[in-house]
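Observations on the model geometry
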Amino acid sequence: MLEAAAGFGLNAVNGATKGKTLSVNVAVPVIAKGTQYVIDTAPPAVIKAAGGGDGIAARIFRKLDLYDHASEAAVLVPAQEQVAAGTVDTDELRRMDEMTRR
């Protein structure tokens, strides 16, 4: 699930590439979009077991290759705030998901 979420986030954000070190500006939307993807597609029991949106975001944060200055405060917290505020465009996520499944 986390591999798919991280991969989805990397594919959904311009400037993000698997295997490249991510800057703060790129990492935040990668985590937010990956987290929202899991929330939109995973069964509720899986989301709950992962610790909800915050837990999923934290797990994706730990999987990514980030620059040294990309701290939890600079990357993880803003991504969690975007997901909690509902500012991640779920329509865009659905379109991206449909494109990757083709």
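To keep things clear, this report deals only with the structure shown in the data block.

Thresholds applied
Residues numbered from 1 in each chain as written. Predicted model: local features only at pLDDT ≥ 70, side-chain atom pairs only at ≥ 80, totals over all residues. Heavy atoms only, no water. Helix = DSSP H or I, 4+ residues; strand = E, 2+ residues; numbered from the N terminus. Buried < 20%, exposed > 50% of the residue type's maximum accessible area, 1.4 Å probe, protein only. Core = buried A, V, L, I, M, F, W, Y, C linked by side-chain atoms within 4.5 Å. Contact = heavy atoms within 4.5 Å. Expected span 1.5 Å × (residues − 1).

**Looking at the environment of threonine 17**
When you line up the elements, threonine 17 lands in the loop between helix H1 (2-12) and helix H2 (24-41). With relative accessibility at 37%, the residue threonine 17 sits in the partly exposed group. Between the C-alpha atoms of threonine 17 and glycine 7, which are 10 residues apart in sequence, the distance is 9.1 Å.

**Here we look at the nonpolar core**
As a rule of thumb, soluble globular proteins bury nonpolar side chains together. Ranked by size, the top nonpolar core spans 30 residues in total, and within it Leu22, Val30, Ile31, Leu64 and Val75 carry the most contacts. Put simply, the parts of the chain that give this core at least two residues each are H1, H2, helix H4 (52-63) and helix H5 (72-85). For this core, the element with the most residues is H2, which contributes eight residues. Apart from residues no more than four positions distant in its own chain, leucine 64 is found in contact with Ala6, Leu22, Val30 and Ile31.

**Structural notes on H4**
Its 12 residues give H4 an end-to-end C-alpha distance of 17 Å, which sits within 8% of 16 Å, the value for a rise of 1.5 Å per residue. Among the residues of H4, Gly52, Gly55, Ile56, Ala57, Ala58, Ile60 and Phe61 are the ones counted as buried.

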